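# Results of the structural survey
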There are 2 protein chains.
Amino acid sequence: MAITIKDVAKQAGVSPATVSRVIADNPRISTKTKQKVREVMKTMGYYPNFQARNLVANKTQTLGVIMENSATLAFQNPFFPEVLRGISTQAHDSQYGLYLSTGATQEEIYQEVVEMVQGRRVDGIILLYSKVEDPVLAYLSESSLPFAVVGRPDKNSQSVSYVNNNNIQTAKETVEYLIELGHQHLAFVGGASDFVVSIDRLEGYKQALREHQIPFDANYIVNQDVIEGNERESIRRLMAHEVPPTAIVTHDDMVAYEVIGYLEDLEIGVPEDVSIIGFNNHTISKHLKPPLSTVDISIYELGLHATELVLEKITDESTPPKQVVVASRLIERGSCRRL
Amino acid sequence: MAITIKDVAKQAGVSPATVSRVIADNPRISTKTKQKVREVMKTMGYYPNFQARNLVANKTQTLGVIMENSATLAFQNPFFPEVLRGISTQAHDSQYGLYLSTGATQEEIYQEVVEMVQGRRVDGIILLYSKVEDPVLAYLSESSLPFAVVGRPDKNSQSVSYVNNNNIQTAKETVEYLIELGHQHLAFVGGASDFVVSIDRLEGYKQALREHQIPFDANYIVNQDVIEGNERESIRRLMAHEVPPTAIVTHDDMVAYEVIGYLEDLEIGVPEDVSIIGFNNHTISKHLKPPLSTVDISIYELGLHATELVLEKITDESTPPKQVVVASRLIERGSCRRL
DNA sequence: CTGAAAGCGCTTACAG
DNA sequence: CTGAAAGCGCTTACAG
């Protein structure tokens, strides 16, 4: 068995309580005793038992990270590693560990969260997505465990801590950028339609059209969840529209390139025939052909600030819910052209 | 405070020991008592305290996942999310949680691992990389904690459990594929030169040349760590070689596309002027231009089997070290041409 | 400045 | 079939 505080105590000729106080660097322990005990700890190779410590302190020093469909979708999406990088950095700075959800279905995830919370497996939770009518979010809101959301909650958002981009505004500006380039027929390829981020961006898209007196046409809207498994055909159909779009806004760079691939197979050139814009500014996008115009949404910062928010709440329960807006900006590259 | 076993016991009119046995579904407890206790647990919303349970069982039900430079490099590399997906799936099936390392430097990672092990924070560890003279691996080998490595350890490999591709063979076959297409001047863009995977692949590259009587030229070898921050210039220099290569093998699809970008800027076409091959078969590669010929190394399976190996070792300490080789296969697409 | 005792929330021989 | 007691490895009032 591993070395315990008792072994150290015996070896150093003090009580376990004293050893514990030395670990905590309690000022009431004499320097001499501290030195001796520390030496013994070192030579014996003592390390405090993490679980025992935390059981009495009633904390875990770990943060739960909940992702949508962890075993399948989330990992394909390059958003995930980048947001995790932000979380990881901040957590490490504060000596917190990360505990990842592994559930694959909505129901599994829910059960996992309940267990994390009730079983006191984590001190706080970061929810990596925000969707409409999400039971997980509802549950967290009821619980007293600190948590933060990456993305805007669909309701009562004032009462929860979250980090977000201003997705409505950003999408609006993106569309306006294309309108200014002379485009009047704009398609929108969004994420799953029950995600708040998709809803917000679609709203921004609509606002831009409205302000520029461009009629809205539902045939120009393609959501990831409805085309799942039928991507190629959906794009074909989109382009077969009576008046095909001259510009497409997609919700992710990798999706944009997938679309570009389908377009090229249809002998539709980018940006000659169709302009296209992505989101998320993946590292690789600037090296690919065409270099993709994209919206950088500061994914790393989303993770960083979400973590800050939970940690604040953990440190001081009375911290009021806080909302952080992270910058996003359009990066012009070579995938759009002026009409 | 949360509800404890005592609260349930009192409410149900039994002893805490009995409640504990009901939780464990101990057969010696009467069905009647079980029913009653379960009902009380349910109505009170009782959940076992994770840390308390594990303290007495001396286990944690969590697996440590150690990645190189977690906060920076690892996340950029699409290998990471995919291997994590494999780990995550397998861990979830066995009711294990995942605990991610967050250290950014070699030294930080080492400290984290020591703390995980000594502090009994995890039941086992998965090391996501294998590099030469790695103190982390040395430490794990000394410790008695179960662990598994993704990649071949540089020494004493028989004594550790690991999952690997046959990198030497795979690289050899990849190069031979190009040789058969008529290429005689082959460059190799590898990962960091202290990673065993890079070393093995380079070895395979050399073997292929040797068997086909092609002289080895060190100028054709470019390692990620030495060109770091100078990628563009390094590729320019590579192509400025007296006899420029007609084919390039790169260690990752995204790196391949980056290289292709630099080549195109130099007005060197792929595959017209230079053939190129990647590794890792990213989801997006088949949609990009040119569709990339690549080696699929079954990243998901690497993660899955590594997890299986640790779990076996956790379940039964006496399990001897085991090595698993995961398949890899060349996928021909449009980035190579016959000379 | 230090120790003995109680306690964190569980589990598990031992007794009955 | 069930309970009282001891214990997992720590921490922290309470006493001295």
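Owing to the predicted nature of the structure, the values given are computational and were not obtained by experimental measurement. (Residues numbered from 1 in each chain as written. Chains lettered and ligands numbered in written order. Predicted model: local features only at pLDDT ≥ 70, side-chain atom pairs only at ≥ 80, totals over all residues. Heavy atoms only, no water.)

## Remarks on the sheet that holds strand β7 (residues 221-223) of chain A
Residue and element names in this part refer to chain A. Inclusion rule: If DSSP finds at least two bridges between two strands, the strands pair. Runs of H or I in DSSP of at least four residues are treated as helices and runs of E of at least two as strands, each being numbered from the N terminus. Simply put, an axis is a line fit to the C-alpha atoms, just over the touching stretch for a helix, and the angle between two N-to-C directions goes from 0 to 180 degrees. Any two residues whose heavy atoms approach within 4.5 Å at even a single point are treated as in contact.
Read from one edge of the open sheet, six strands run β7-β6-β8-β9-β10-β12, paired in mixed fashion. For this open sheet the edge positions go to β7 and β12 (329-331), each flanked by a neighbour on one side alone. If you compare each strand with its neighbour and ignore which way they point, the axes differ by 20° on average. Bridge count for strand β8 (residues 247-250) against strand β9 (residues 275-279) is three bridges, and the pairing is parallel. In the sheet register, A247 faces β9, and the bridge partner there is S275. The sheet strands contacting helix α13 (residues 253-265) are β6 (186-190), β8, β9 and β10 (293-296), and the helix crosses β9 at an angle near 155°.

## Observations concerning the sheet that holds strand β11 (residues 323-326) of chain A
Here 12 strands make up an open sheet; going across it, the order is β11(A)-β5(A)-β4(A)-β3(A)-β1(A)-β2(A)-β2(B)-β1(B)-β3(B)-β4(B)-β5(B)-β11(B) and the pairing mixed. With partners counted over all chains shown, the strands left at the sheet margins are β11 of chain A together with β11 (323-326) of chain B, one partner each. Between one strand and the next, the sheet's axes are offset by a mean angle of 25°, whatever the strand orientation. Of the strand pairs in this sheet, strand β1 (residues 62-66) of chain A and strand β3 (residues 124-127) of chain A are connected by four bridges, and their pairing is parallel. In the strand pairing of β3(A), A:V65 is matched with A:I126. In the packing of helix α6 (residues 79-93) of chain A onto the sheet, contacts are made with β1, β2 (97-100), β3 and β4 (147-150) of chain A together with β2 (97-100) of chain B, and the angle to β2(A) comes to roughly 145°.

## Re the nonpolar core
The nonpolar side chains of soluble globular proteins are, as a tendency, buried together. Inclusion rule: What we call a nonpolar core is a set of buried Ala, Val, Leu, Ile, Met, Phe, Trp, Tyr and Cys residues that are connected through their side-chain atoms within 4.5 Å. Three labels apply to residues, based on accessible area from a 1.4 Å probe with only protein chains included: buried if under 20% of the type maximum, exposed if over 50%, partly exposed otherwise in between.
Ranked by size, the top nonpolar core spans 138 residues in total, and within it A:I248 and B:I248 carry the most contacts. Leave out the neighbours within four places in its chain, and B:I248 touches B:A187, B:V189, B:L238, B:M239, B:V259, B:L263, B:V274, B:S275, B:I276 and B:I277.

## Description of the environment of A:N165
Residue and element names in this part refer to chain A. Rule in force here: Polar contact is the term for a pair of N or O atoms within 3.5 Å; when the atoms are in protein, one must be able to donate a hydrogen and the other to accept it, and sequence-neighboring residues count only if both atoms are side-chain atoms.
Within the secondary structure, N165 is located in strand β5 (residues 162-165). What makes N165 buried here is its relative accessible area of 5%. When near neighbours in sequence (up to four residues on either side) are disregarded, N165 contacts I297, L302, V325, V326, A327 and S328. A polar contact of 3.2 Å, which involves the side chain of N165, links it to the backbone oxygen of V326.

## Points about the protein's contact with DNA strand C
Worth spelling out the cut-off: Consider each residue's heavy atoms; a residue with any of them within 4 Å of a molecule or strand counts as near. In the scheme used here, Gly and all other residues not listed as nonpolar or charged are polar, with Ala, Val, Leu, Ile, Met, Phe, Trp, Tyr, Cys and Pro taken as nonpolar and Asp, Glu, Lys and Arg as charged.
Taken together, 25 residues sit near DNA strand C, with A:T18, A:R21, A:T33, B:S20 and B:R21 positioned nearest. Between a base nitrogen of DNA strand C and a main-chain N or O atom of B:A52, the distance comes to 3.5 Å. Of all the elements in the fold, those that place two or more residues in the surface near DNA strand C are α2 (16-23) and α4 (50-57) of chain A together with α1 (5-12), α2 (16-23) and α4 (50-57) of chain B. Sort the elements by how many residues they give to the surface near DNA strand C and α4(B) lands first, with four residues. Broken down by class, the residue content of the surface near DNA strand C amounts to 13 nonpolar, seven polar and five charged.

## Some thoughts on the relation of the copies chain A and chain B
For the record, the criterion: To line up the copies, we fit them by least squares on C-alpha atoms, keeping just the residues with pLDDT of at least 70 in both.
Mapping chain A onto chain B calls for a screw motion: a turn of 180° about the axis and a shift of 0.0 Å along it, with 0.0 Å RMSD after fitting. On this basis, the relationship between the two copies can be described by a two-fold rotation axis. It is A:Y99 whose C-alpha, among those of chain A, lies nearest the rotation axis, at 2.6 Å. The share of interface residues of chain A whose copies in chain B are also at the interface is 98%, consistent with both copies meeting through the same surface.

## Some remarks on the UniProt feature "domain: HTH lacI-type" (unreviewed entry) in chain A
What counts, and what does not: UniProt positions are given in the numbering used here, feature names are shortened, and annotations may be inferred rather than shown by experiment.
Under the local residue numbering, the UniProt record ascribes the feature "domain: HTH lacI-type" (unreviewed entry) to residues 3-57 of chain A. Structurally, residues 3-57 of chain A comprises 69% helix and 0% strand, and the distance from its first C-alpha atom to its last is 20 Å.

## A short note on the side chain of B:D134
Residues and elements named next belong to chain B. Basically, it comes down to this: Charge assignment: positive for Lys and Arg, negative for Asp and Glu; neither His nor the chain ends contribute. Basic side-chain nitrogens of Lys or Arg form a salt bridge, by our definition, when they fall within 4 Å of a carboxyl oxygen of Asp or Glu.
Its location among the elements puts D134 in the loop between β3 (124-127) and α8 (135-142). Summary of buried charges: D134 has no salt-bridge partner, and the nearest side chain of opposite charge, K131, is 5.6 Å away. Among the polar contacts listed, one links the side chain of D134 to the side chain of Q106, at a separation of 3.4 Å.

## What to know about the interface of chain A and chain B
Let me state the cut-off plainly: Once two parts are joined, some of their accessible surface, as seen by a 1.4 Å probe, is lost; buried area is that loss totalled over both.
With 56 residues of chain A at the contact, the number on the chain B side is 55 residues. For the pairing of chain A and chain B, the buried interface totals around 4,800 Å² over both sides, and the portion due to carbon and sulfur atoms is 60%. Where chain A packs against chain B, one counts two salt bridges. Among the salt bridges present, the one from B:K289 reaches A:D265, with a minimum N-O distance of 3.4 Å. Summed over the shared surface of chain A and chain B, the result is 12 residue pairs in polar contact (both at pLDDT 80 or more). Secondary structure elements with two or more residues in the side of chain A that touches chain B: α4, α5 (73-76), α6, β2, α7 (106-118) and α13 of chain A. Taken together, the residues of the side of chain A that touches chain B break down into 22 nonpolar, 23 polar and 11 charged. As paired strands, β2(A) and β2(B) are joined by three bridges and run antiparallel to one another.

## Notes on the pattern of salt bridges
Residues and elements named next belong to chain A. Applying the stated criterion across every chain, the model contains 26 salt bridges over all chains. D200 serves as the salt-bridge partner of R152, at 2.8 Å between the closest nitrogen and oxygen. With R152 in the loop between β4 and β5 and D200 in helix α10 (residues 196-211), the pair connects residues that are 48 residues apart, well separated along the chain. Look at R152 and you get partly exposed, because its relative accessible area is 25%. For D200, a relative accessible area of 5% translates into the label buried. By sharing partners, the salt bridges in this structure join D25, K34 and R38 into a single network.

## Observations regarding the protein's contact with DNA strand D
Neighbouring DNA strand D are 25 residues; A:S20, A:R21, B:T18, B:R21 and B:T33 lie closest to it. Counting only atoms of DNA strand D within 4 Å of the protein, the sugar-phosphate share comes to 65%. Between DNA strand D and A:R21, the relevant distance is 2.3 Å, taken from a base nitrogen to a side-chain nitrogen or oxygen of the residue. Secondary-structure elements contributing two or more residues to the surface near DNA strand D are α1 (5-12), α2 and α4 of chain A together with α2 and α4 of chain B. If you tally residues by element for the surface near DNA strand D, the top one is α4(A), at four residues.

## Some words on helix α12 (residues 231-239) of chain B
All names here are of chain B. Definition in use: Here the arc refers to the set of directions running from the helix axis out to each C-beta atom.
Of all the residues in α12, the buried ones are E231, S234, I235, L238 and M239. Seen from one end, α12 has its buried residues packed into an arc of 130°, which puts them on one side. Against β6 (186-190), β7 (221-223), α11 (224-227), β8 (247-250) and α13 (253-265) lie the buried residues of α12.

## Comments concerning the packing of α12(B) against α13(B)
All names here are of chain B. Defined as follows: For classification purposes, angles smaller than 35 degrees are called roughly parallel, those larger than 145 roughly antiparallel, those between 65 and 115 roughly perpendicular, and all remaining angles oblique. Whether a crossing is left-handed or right-handed is set by the direction in which the near helix is turned from the far one by less than a right angle, anticlockwise for left-handed and clockwise for right-handed.
Axis separation between α12 and α13 bottoms out at 10 Å; the angle between their running directions is 60°. With respect to α13, the element α12 is oriented oblique. Both α12 and α13 take part in a crossing whose hand is right-handed. On the side of α12, the interface is formed by E231, R232, I235 and M239, while α13 contributes E258, V259, Y262, L263 and D265.

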